[in-house]
Structure formats: structure tokens, C-alpha cells
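# Working through the structure, step by step
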Amino acid sequence: MSTSKQTQDRRSSTDETLLSVHDLRTYYQEGEGDVPVRAVDGVDFEIARGETYGLVGESGCGKSTLGLSLIRALPPQGDIVDGEIRFDGREIGQLPKSEVKDVQWADISMIYQGAQNAFNPVKTVGKQIEEPLRIHDTVPEGEREARVAELLEMVNLQPDVAEQYPHELSGGMKQRAAIAMAIACEPDLLIADEPTTALDVIVQAEVLNMLQRLQDELEFGMLVISHNLAAIMKLSDRIGVMYGGKLVETAPSETLYEAPRHPYTARLLQSLIDPRRPPDQVETIEGTPPDLRDPPSGCRFAERCELATSECTATEPPLEPVGKEHETACFHHDKVSEL
Ligand SMILES: Nc1ncnc2c1ncn2[C@@H]1O[C@H](COP(=O)(O)OP(=O)(O)OP(=O)(O)O)[C@@H](O)[C@H]1O
């Protein structure tokens, strides 16, 4: 929950926008004539240089699709149908495929969801970490092995891991190797999609601490995606809460924790596991997220929300400022503290 001092210094010293996303819409369409899945449906946000932005929300709300859109690595069914992605002042949302390769790894890199299982089983770990260096030719061929050893050291892995095959590594080691690969070309933005899922609790903490340390050293901006608000709150300067393809609240981590102004955020916070509370008293959010092929026309959370009125089902609440760097999309934001 605490904003690191170094990050604060970096933000105030540069205070420069690294990424700015405007009205982004990314849809999936299985076949021609099929109703598209509106996975990302009008999202606006910014990340400053060196800042960590956390993106949180239940499974299926469009978080991974947003990350994949930014790095332009959507599966064939996915398409950016509208909006703008500006990275370092340059529009990259509509870049032709031939130019997208210049951005991936070098400017923006991503630790994909399930990255531990994404390594090629028949190639050594070192050869795979070397791949981005080869694509971008950032390090002469003769020096790549040494650079891989250096990257492994940065993620606390022994240099001989380079000679090993993925199956010889534990889940935590593979996740660290995925991080080494992601930082190989020193990107300005690192997207980490569920970086701790499927890892045990101690390894989860190690991975999060490592990301924070590397960010302090290399000064990249970070978008951390997770369904687990507790996991990313500590790491993030600001958090965006996503629901049904849209951002419904965005605020500095501490503000979001102390004074959420969207009922969905309030419920997410209440559902965090509190070790002092017996498991049968942990709150869960009743109901299911909307079908993104046919989302409701008003507020997408209305049917699960105790504060909802006829206004909420009739009109979509816009994301509007409610405080310093704090925006929410709720007509009843002043009643959220009563929940
Ligand atoms: N390749 C695809 N083809 C069709 N629909 C897809 C595809 N990938 C994702 N979707 C749909 O897009 C919506 C958003 O999915 P997305 O994976 O972005 O959500 P998420 O919040 O990252 O959830 P999770 O953490 O479970 O991946 C979901 O309805 C999902 O079923």
C-alpha cells in the first residue's frame, strides 16, 4: 500500500507520461457474423515514467486483453476496433504488424499469464532469454552469453541455469527466468500479467519484491495485472479497477484502500482474506459478471449492486473525478462508505 520513496522521487522528477490510452476498444470475434465479445470497451488511463499501475478485477473482465492490446500481441480473433494507445508520444495502437516488432521487448515487454509454462521444452533457458537480444540485435552475438548470465544474476538465478531445460526448473525459477527475458532489452514499460498466480506464498512475495527491486534499478514503468487486489496493492502507486470491460474506479493505492468510491471496489476489498476472520465469514460478491457479448446498457455492475437505482440501469455512469487523482463511475459514490 505504500508508495515507494524512490518511485515518488522518480515521478516528481520526471512526471512524464509514458503511456496514454484513450477510449480503447478491443473485441474478439470467432467467425464472421458472430456477435463480438467486447472484452475492452472504452478504457482511458495513463502511466507515468517509472510508475506502477495495478489493474485488478475478477476473471474475464478484460485485464489480459488490455495488456495484450498494449503490446499488440492479441490472438487472431482479437482486434483493436477503436481508440488510441500513445507510447512515449507515438501512436502504437494502429501500427502495422511489421513495425510492431520494433516495440515488443525493446519498448514494452510482457510477462504473460502462465509464463512459467510458455517456455519451449526443447530449448535451453539461456537460448530463450537470448531471443529478444537476437531479435533486436541490442548486444553483439559474441557478448550475448555474458548478457544472459548477467540477466540471470539480476533475477537471483545461477549462471548455469542458462544450460538447463525448462523442466529442470521449479515454477518460481521459471517465473524468474521469464522476468529475465522480459527485462533483457531494458524496456520502458513492463506488463506483468498475474505474475504470482500458481506460485506458493513465499515465492509470490519473492517475485513481487524482485519486480520492485528491478524497477527501482532499471526505472521502467509497470502495469501489474491481477485478480488479487491484496497482491498488487503493495506494489502499485495507482490502481485501476476493471469490471465488465471498463475501468470503474482509479485512484492511488492508499486512497483506494482507505476510501473506495465504487461499490465493486468496496466489495473486492471486503472479500480480501483476513486471517482473523473465519473462512465462512469472508465476504464474496454475489452474482456473476455480465456477458460481454451483450452487456447491459446502464452500469454493468448494477445487477449485483445494493446501491443500484433505476438511474443506474438506464444510464451508464461516466468515470468522473471524486478527489485528487481519484475517479469513479458510480452515481452513488457518496454512499459507498456506508456499505
Ligand atoms: N481468444 C479469445 N477469443 C474469444 N474470446 C476471448 C478470447 N480471449 C478472451 N476472451 C474473452 O474476453 C473476455 C475478457 O477476457 P480476459 O482474458 O481479457 O479477462 P481477464 O480479466 O484477464 O481474465 P483472466 O484473468 O481469467 O484471463 C472474456 O469474456 C473472455 O472469455
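Keep in mind that this is a model prediction, so the values were computed, not measured.

### Section: the site of the ligand
Close contacts around the ligand come from 15 residues, with Ser-59, Gly-60, Lys-63, Ser-64 and Thr-65 the closest. At a separation of 3.1 Å, an oxygen atom of the ligand approaches a polar backbone atom of Gly-62. Across the complex, the protein chains shield 71% of the 630 Å² of accessible surface that the ligand would expose by itself. At the level of elements, β2 (37-48) and α2 (63-70) are the ones that each hand at least two residues to the shell around the ligand. Along the lines of polarity and charge, the residues of the shell around the ligand split into five nonpolar, seven polar and three charged.

### Some points on the packing of helix α4 (residues 125-136) against helix α5 (residues 144-154)
Packing of α4 against α5 leaves a shortest axis separation of 10 Å and a crossing angle of 110°. Classified by the interaxial angle, the pair formed by α4 and α5 is roughly perpendicular. You can see that α4 and α5 cross each other, and the crossing is right-handed. Each of Gly-126, Ile-129, Glu-130, Leu-133 and Arg-134 in α4 lies in contact with α5, whose residues at this interface are Arg-144, Arg-147, Val-148, Leu-151 and Leu-152.

### Side note on the pattern of salt bridges
Here the structure, examined in full by the defined rule, presents 19 salt bridges. A salt bridge links Arg-38 to Asp-41; the nearest nitrogen and oxygen atoms lie 3.2 Å apart. Note that Glu-131 is salt-bridged to Arg-134, the shortest N-O span being 2.8 Å. Separated by three residues within a single helix, Glu-131 and Arg-134 lie in helix α4, roughly one turn from each other. Linked through salt bridges whose partners overlap, the residues forming this network are Asp-23, Arg-25, Arg-38, Asp-41 and Arg-300.

### Section: the packing of aromatic side chains
For the structure on display, the rule yields four aromatic pairs. With 5.1 Å between their ring centres and 80° between their planes, Tyr-243 and Phe-301 make a pair best called edge-to-face. Of the two residues, Tyr-243 is situated in strand β9 (residues 238-243) and Phe-301 in the loop between α10 (263-270) and α11 (310-314); the sequence distance between them amounts to 58 residues. Take Tyr-243: its relative accessible area is 2%, and that puts it in the buried class. Phe-301 sits in the buried class, given a relative accessible area of 2%. Clustering of aromatic rings is evident, with ring pairs tying together Tyr-243, Tyr-264 and Phe-301.

### Here we look at empty space enclosed by the protein
Tallied over the full model, the rule gives one cavity of 30 Å³ or more. In this model, the largest cavity occupies a volume close to 80 Å³. Surrounding the largest cavity, 14 residues form its lining, Pro-263, Cys-299, Cys-305, Cys-312 and Cys-330 being those nearest its centre. Its residues assigned to classes, the lining of the largest cavity shows 12 nonpolar, two polar and no charged.

### Focus: the environment of Pro-75
Mapping Pro-75 onto the fold places it in the loop between α2 and β4 (78-87). Separated by 101 residues in sequence, Pro-75 and Arg-176 place their C-alpha atoms 25 Å apart. Not counting residues within four places of it along the chain, the set of residues in contact with Pro-75 comprises Tyr-28 and Leu-68.

### Comments concerning the packing of helix α6 (residues 171-183) against helix α7 (residues 201-218)
Put simply, α6 and α7 touch, their axes get as near as 11 Å, and they point 15° apart. When the axis of α6 is compared with that of α7, the two are roughly parallel. Between α6 and α7 lies a crossing whose hand is right-handed. Each of Gly-172, Gln-175, Arg-176, Ile-179 and Ile-183 in α6 lies in contact with α7, whose residues at this interface are Val-203, Glu-206, Val-207, Met-210, Leu-211, Leu-214 and Leu-218. Partitioned by chemical class, the residues of the contact of α6 with α7 number eight nonpolar, two polar and two charged.

Calculation notes
- Residues numbered from 1 in each chain as written.
- Predicted model: local features only at pLDDT ≥ 70, side-chain atom pairs only at ≥ 80, totals over all residues.
- Heavy atoms only, no water.
- Near = heavy atom within 4 Å.
- Polar contact = N/O pair within 3.5 Å; in protein donor to acceptor, adjacent residues only side chain to side chain.
- Areas by Shrake-Rupley, 256 points an atom, 1.4 Å probe, with all protein chains shown as cover.
- Helix = DSSP H or I, 4+ residues; strand = E, 2+ residues; numbered from the N terminus.
- Nonpolar A, V, L, I, M, F, W, Y, C, P; charged D, E, K, R; others polar.
- Axes fitted to C-alpha atoms, helices over the stretch in contact; angles between N-to-C directions.
- Parallel < 35°, antiparallel > 145°, perpendicular 65-115°, else oblique.
- Left-handed = near helix turned anticlockwise from the far one by under 90°.
- Contact = heavy atoms within 4.5 Å.
- Salt bridge = Lys/Arg side-chain N within 4 Å of Asp/Glu carboxyl O.
- Phe/Tyr/Trp six-rings, centres within 6.5 Å; stacked < 30°, edge-to-face > 60°.
- Buried < 20%, exposed > 50% of the residue type's maximum accessible area, 1.4 Å probe, protein only.
- 1 Å grid on protein atoms, 1.4 Å probe; cavity = no way out; pocket = protein on both sides within 12 Å on 5 of 7 lines; lining within 4 Å.
- Points joined across faces, edges and corners; volume = space filled by probe spheres on them.

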